[in-house]
Every structure is written in structure tokens, then in C-alpha cells.
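# Survey of secondary and tertiary structure
Listed here are the chains, written in short residue letters.
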Amino acid sequence: MDREFFNQDGINVAKQILGKYLIRKYEGKTIVTKIVETESYMGITDKGAHVYGDKKTERTKPLYLEGGHIYVYLIYGMYYCLNVSANNEGIPECVLIRAVEPITNLDEIAFNRFKKEYAQLTNYQKKNITNGPGKLCMALNINKTLNSKSILGDELYISDFYYEGDNKIYSDSNFEIENGKRINIDYAQEAKDYLWRFFIKNNKHVSVNKNK
DNA sequence: AGTTTGATTCTCT
DNA sequence: GAGAATCAAACTA
């Protein structure tokens with residue numbers, strides 16, 4: 001995906017990165033996953049957003065950058081959440097990536113999550129390996145060192161394709177998008193009912209399978 | 001300087 | 001389905 005793609009508004013970006021590959025490279029390792037669930041946070045008028053009321057603080061600075069910047073924050077003292085800024089500079093919209101599906105290097109993902117090889121995981125662990133915003137950050141070794149960096153770089157990026165050896169494998173868009181209310185923003189008054197969560201219908205790796 | 005609060009996950013029950 | 005874990009940042013003053 002290019003800069004222009006992320007300069008769209010947050011709802012379009014959230015829908016359009018579904019089915020695309022989220023690719024992480026570090027220490028010579030490469031992990032490919034597919035994005036299956038996202039949420040839009042629509043800037044200073046969105047009561048669910050960190051920047052509601054134009055709250056530009058040290059934490060939220062990356063959101064004010066041009067679309068395509070990484071915003072990583074710590075939640076509940078323990079878990080990281082990954083966002084990508086959307087829209088133009090000064091318009092702090094973003095997309096929270098809530099769940100991905102593992103595609104390659106399952107052993108590395110399994111080790112990051114459970115300190116075991118993939119084949120040794122229980123079915124329960126396999127099912128719950130990347131189906132949540134904190135889980136996928138653990139799985140992909142995502143932390144605050146990536147904060148405010150570009151999602152167009154080579155450490156963490158989103159693409160239409162990946163290489164498996166010499167094979168160039170393209171994402172397919174043969175799926176239906178479901179939407180629903182965003183998760184765990186009960187404090188957001190009327191904004192908690194906005195249908196700004198998007199996910200691939202019937203995908204096994206979506207975090208919450210309801211759409212009310 | 002002290003208090004409150006989570007865009008969550010895991011472990012029970 | 002409920003409760004605990006755990007802390008940076010925001011908020012109160």
C-alpha cells in the first residue's frame with residue numbers, strides 16, 4: 001500500500017486493509033499475517049477516540065502525522081495495541097488492527113505467544129493465537145519502538161502480496177465484510193454504537209463474533 | 001505529587 | 001461470566 005492509500009479517511013482505510021497482508025520483519029525474521037478485523041477511530045469529534053476534543057498529547061502525536069504512521073500504545077499496563085494513522089496531516093484519524101490470521105512462520109508466532117512450536121500448541125491456543133489487538137502485538141513482536149514510524153517502511157508494512165520463495169502470492173478479495181459496534185468503549189456515549197468495527201465474515205481469527 | 005483509568009487477556013468457575 | 005493482573009498517561013489540584 002502507498003501513501004495515497006493511507007491518506008483516505010479512516011473508515012475507508014479500515015475496510016480496505018481487510019484481507020491485506022500485515023508483514024513484520026525483525027532480526028532477519030519475516031512473519032506474514034492477514035488482516036481480518038479492524039476498527040476506525042475518527043478523530044477529534046469521536047468520543048471513542050484518544051484524540052477526542054483535539055487532545056494532542058505526547059501519546060497521541062503520531063495520530064496527527066500524515067496517514068500511514070504507526071501508533072502503538074500500552075493498554076491495561078500490559079498489552080500493546082497497533083494502529084495506523086489515516087487521512088491527511090493534522091487530521092488524527094486512525095485504524096486499530098484488532099485481529100490477524102497467521103500465514104507464514106507459524107513457529108515464530110507460536111514462540112512469541114506461548115514459547116512453544118506451533119505443532120505443540122493446543123487447539124485452544126491455535127484458535128486464540130492472534131485474535132485480539134494485544135495478542136497480535138505479542139505474536140508479531142510489536143512494541144513502542146515502532147511508534148510513530150512509517151507503515152511504508154521495512155519493519156512493519158501492509159501489502160497486497162508476499163513472497164513464498166519465488167512465488168508472489170496476491171491477496172484475494174473474495175470475502176464479505178461485516179460490521180458492528182466497536183469493542184470496549186462503553187465510556188464513549190453515543191459513539192459506542194457507531195458501526196465502525198469491520199471484519200471478514202466467517203473468518204476463524206476474528207476476536208468477537210457479534211455485530212450488534 | 002497523588003489518583004484514576006483503560007481501544008485487553010488470562011484464569012478460573 | 002467474573003475478577004485479577006499491572007502501569008503509562010491523563011487528570012486533579
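Overview of the structure.

Cut-offs applied
Residues numbered from 1 in each chain as written. Chains lettered and ligands numbered in written order. Predicted model: local features only at pLDDT ≥ 70, side-chain atom pairs only at ≥ 80, totals over all residues. Heavy atoms only, no water. Helix = DSSP H or I, 4+ residues; strand = E, 2+ residues; numbered from the N terminus. Polar contact = N/O pair within 3.5 Å; in protein donor to acceptor, adjacent residues only side chain to side chain. Near = heavy atom within 4 Å. Nonpolar A, V, L, I, M, F, W, Y, C, P; charged D, E, K, R; others polar. Buried < 20%, exposed > 50% of the residue type's maximum accessible area, 1.4 Å probe, protein only. Contact = heavy atoms within 4.5 Å. Salt bridge = Lys/Arg side-chain N within 4 Å of Asp/Glu carboxyl O. Core = buried A, V, L, I, M, F, W, Y, C linked by side-chain atoms within 4.5 Å. Pairing = 2+ DSSP bridges.

Following the sequence through the fold, Asp193 ends up in the loop between strand S9 (177–180) and strand S10 (197–200). At 3.4 Å, the side chain of Asp193 and the side chain of Lys192 are in polar contact.

Surveying the vicinity of DNA strand B reveals 21 residues, the closest of which are Tyr73, Asn83, Gly134, Asn184 and Tyr187. A distance of 3.4 Å separates a phosphate oxygen of DNA strand B from a polar atom in the backbone of Gly132. Of all the secondary structure elements, the ones that give two or more residues to the surface near DNA strand B are strand S3 (70–75), strand S4 (79–86), strand S5 (93–102) and helix H6 (133–139). Of the residues that constitute the surface near DNA strand B, the class distribution is 11 nonpolar, 7 polar and 3 charged.

Moving on, we get to the protein's contact with DNA strand C. Every residue near DNA strand C is listed here: Lys55, Thr57, Arg59, Leu74, Tyr76, Gly77, Met78 and Lys144. Of all DNA strand C atoms lying within 4 Å of any protein atom, the proportion belonging to sugar or phosphate reaches 69%. Tyr76 places a polar main-chain atom, nitrogen or oxygen, 2.4 Å from a base oxygen of DNA strand C. In this structure, Gly77 approaches DNA strand C through a main-chain N or O atom, which is 3.4 Å from a base oxygen.

Let us look at unusual backbone geometry. A positive phi angle, near 60°, is found at Asn105, a position not held by glycine. In this fold, Asn105 is placed in the loop between S5 and helix H4 (106–114). Positive phi, close to 60°, is recorded for Lys115, a residue that is not glycine. Since its relative accessible area comes to 59%, Lys115 is described here as exposed.

Position of Asn131 relative to the elements: it lies in the loop between helix H5 (123–127) and H6. Only 3.0 Å separates the side chain of Asn131 from the side chain of Asn128, close enough to count as a polar contact. A distance of 3.0 Å separates polar atoms of two side chains, one belonging to Asn131 and the other to Lys135. Leave out the neighbours within four places in its chain, and Asn131 touches Arg98, Ala99, His205, Val206 and Ser207.

This part is about the pattern of salt bridges. In the structure shown here, the tally under the stated rule is 14 salt bridges. Its salt-bridge partner being Glu66, residue Arg3 comes within 3.8 Å of it at the nearest N-O pair. With a gap of 63 residues between them, Arg3 in helix H1 (residues 3–6) and Glu66 in the loop between helix H3 (61–64) and S3 connect regions that are remote in the sequence. Each of the salt bridges in this network shares a partner with another, and the network as a whole consists of Glu37, Glu39, Arg98 and Arg197.

It is worth spelling out the nonpolar core at this point. Core analysis: the largest hydrophobic core is formed by 40 residues, its most contacted members being Ile17, Leu82, Ile97, Ile142 and Ile158. Leave out the neighbours within four places in its chain, and Ile142 touches Arg24, Val72, Tyr80, Leu82, Leu136, Cys137 and Leu156. In this structure, Tyr41, Leu63, Tyr71 and Ala188 belong to the second largest nonpolar core, which totals 13 residues.

Let us look at the pairing of strand S1 (residues 21–26). Burial analysis of S1 places 5 of its 6 residues in the buried class, which makes it a mostly covered element. In the sheet, S1 pairs with strand S2 (residues 29–42) via 6 bridges, with the strands oriented antiparallel. Its bridge partner lying in S2, Leu22 is registered against Thr33. Hairpin connection of S1 to S2: 2 residues between the antiparallel strands, including Glu27 at a positive phi of 45°. Pairing between S1 and strand S6 (residues 156–159): 4 bridges, direction antiparallel. Among the inter-strand pairings, Leu22 is bridged to a residue of S6, identified as Ile158.

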